[in-house]
Amino acid sequence: MTLGIVTAGESHGPALVAVLTGLPAGLRLDRGSVDADLRRRQQGYGRSPRQQLETDVVEVLSGLRHARTLGTPLTLVVRNADHRNWTWGMSPWEPEGEPAGKGTKPVTLPRPGHADLAGVLKYGHADVRDALERASARHTATHVAAGAVAKALLAEIGVTVAGRPLEVGGARGENGMREATDAARKDRDTLGGIVEVVASGCPPGLGSYAEKGDRLDARLAFALMGIQAVKGVEVGDGFALARVRGSEAHDEIDPGLVRRTNRAGGLEAGMTNGEPVVVRAAMKPLPTLMKPLDSVDLASGEPSQALVERSDVQAVEALAVVAEAAVAWELARAAREKFGGDAIEDFVAAHRAYLDRIQWPRTR
C-alpha cells in the first residue's frame with residue numbers, strides 16, 4: 001500500500017490537475033486548509049504580478065464525498081485564471097480566427113538556466129513555449145494541494161510538517177532577506193536561497209535500509225530535487241558533517257532512547273530514528289531576468305538575448321511551501337507503506353499498535 005500522484009497541465013493552460021491514489025477511505029479534508037496552503041505558495045516578498053492575477057483554490061472532481069475520502073483516486077484541480085488571456089495562444093486544438101491575446105508568436109529565444117533549449121532539442125519542438133509551459137514552476141500548485149492532503153493524513157498519527165526560508169541571496173533574517181530582494185529588483189536581477197523543512201512526531205522506522213529505493217533520505221532528496229530551481233539538498237547537518245570527526249558528528253543515545261543532538265536530521269540508514277526530520281533545499285536564482293542574458297535566436301542562429309517574460313525577483317518563501325508539501329507527501333507515502341489500511345481507522349490503529357510494540361515514546 002503506497003501513495004501515488006500524477007500531475008498534468010501547463011502554466012497558461014486551462015487548469016492544473018493532480019490525481020492521487022492510495023489514500024485510505026474516511027480521511028477528512030478541510031478545503032480551507034488546502035486553499036490556505038495554495039495562498040501561502042503565492043505569497044512572499046519579491047513575487048511577480050501574476051500572483052495578483054491568480055487566486056488559487058482547489059476543486060475536487062473525484063474521490064471525495066462530504067469532505068471525506070472514498071478510498072478511490074482523488075482528483076484535484078487548480079484553475080489558471082490567466083488562461084483567459086491565452087485562449088488562442090494555448091488552445092489545445094488548432095485555434096480559430098485571428099491570433100489574439102498572449103502566446104500568439106513563437107518563442108525562439110531560450111533562457112539560460114531554464115528548460116527552454118534542452119527541451120526543444122529533446123522533443124523536437126520549434127516553439128520554446130511547448131517546453132517552457134510544462135517546465136514552469138506554476139505546476140507546483142497541484143503539488144502543494146497534494147501536500148495539504150498528505151499533511152491531513154500525517155496529522156492522524158501526530159506528525160506535523162513545516163517549512164521556512166533560511167536565507168535569500170546569502171542574506172538571513174527578515175530584514176536582510178527583504179533588503180537583498182529590493183537590491184536585486186533595483187538591478188533587474190533575481191535571487192535564490194535556502195529553505196528548511198522540519199517534520200515532528202515521526203516514529204522510528206519509516207523507510208528502510210533493505211533496498212536503495214526504500215531509503216527515506218534518498219526519497220526525500222529526490223522529492224526536493226524534483227522541484228524547479230532546486231540544485232542542492234542536505235539532511236540534518238549535511239555537508240558540515242564532512243568537515244568534523246566522528247566523535248563530533250553522531251547523535252549519542254541517552255536512556256529513553258532519545259538523542260542529545262540531531263545532527264543526522266532524524267534519519268539514519270534510510271530510516272527515521274524518532275528525532276525530528278530536518279532537510280534543507282538550495283534554490284538557484286530564477287532564470288527569467290528583466291535584464292536578459294545572452295542567448296541565440298533559434299530561428300536565425302544569430303546571437304541575441306533571452307526571452308523576457310513576467311518573473312519573480314525571488315521565490316524562496318514560495319519554495320518553503322512547496323518543499324514542505326514535498327516532504328509531507330514523501331513522509332505520508334512512507335507511513336502508508338508501513339501502516340497500510342483501507343480505512344483511516346485501520347491506518348491509525350496499525351500506527352498505534354506499532355508504537356505499543358516498540359514502546360515508543362519511551363520514558364527514562
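Below or above, wherever it landed, is the structure these notes cover. Just so it is clear, the structure is predicted and the values come from calculations on it, not from any experiment.

Buried residues dominate strand 6 (residues 74-79), accounting for five of its six residues. For strand 2 (residues 15-21) and strand 6, the ladder comprises six bridges, and the chain directions are antiparallel. Counterpart to valine 17 in the pairing with strand 6 is valine 77. For strand 3 (residues 59-62) and strand 6, the ladder comprises three bridges, and the chain directions are antiparallel. If you follow valine 60 over to strand 6, its bridge partner there is leucine 76.

The next thing to look at is the sheet that holds strand 2. With respect to topology, four strands assemble into an open sheet ordered 1-2-6-3, the strand pairing being antiparallel. Edge strands, defined here as strands with exactly one partner in the open sheet, are strand 1 (4-8) and strand 3. Taken pair by pair, the neighbouring strands of this sheet meet at an average axis angle of 20 degrees, ignoring direction.

Looking at helix 7 (residues 216-225), one finds that the buried residues are Leu216, Arg219, Leu220, Ala223 and Leu224. Seen from one end, helix 7 has its buried residues packed into an arc of 130 degrees, which puts them on one side.

Moving on: the sheet that holds strand 10 (residues 230-235). Pairing within the open sheet is antiparallel, and its five strands lie in the order 8-7-9-15-10. Two strands bound the open sheet, and with one partner strand each, they are strand 8 (171-172) and strand 10. With seven bridges connecting them, strand 9 (residues 193-200) and strand 15 (residues 277-283) associate as antiparallel partners. If you follow glutamate 196 over to strand 15, its bridge partner there is arginine 280. Strand contacts of helix 7: strand 10 and strand 15, with the helix running at about 155 degrees to strand 10, the strand carrying the most contacts.

Turning next to the pattern of salt bridges. According to the stated counting rule, one finds 23 salt bridges in the structure shown. The shortest N-O distance in the salt bridge between glutamate 330 and arginine 333 comes to 2.6 Å. In this pair, glutamate 330 and arginine 333 are both assigned in helix 9 (residues 316-339), three residues apart and thus about one turn of the helix distant. The partly exposed category is assigned to arginine 333, whose relative accessible area is 22%. A single network of salt bridges, built from pairs that share partners, joins Asp37, Arg40, Lys151 and Glu324.

Calculation notes
- Residues numbered from 1 in each chain as written.
- Predicted model: local features only at pLDDT ≥ 70, side-chain atom pairs only at ≥ 80, totals over all residues.
- Heavy atoms only, no water.
- Buried < 20%, exposed > 50% of the residue type's maximum accessible area, 1.4 Å probe, protein only.
- Helix = DSSP H or I, 4+ residues; strand = E, 2+ residues; numbered from the N terminus.
- Pairing = 2+ DSSP bridges.
- Axes fitted to C-alpha atoms, helices over the stretch in contact; angles between N-to-C directions.
- Arc of directions from axis to C-beta.
- Contact = heavy atoms within 4.5 Å.
- Salt bridge = Lys/Arg side-chain N within 4 Å of Asp/Glu carboxyl O.

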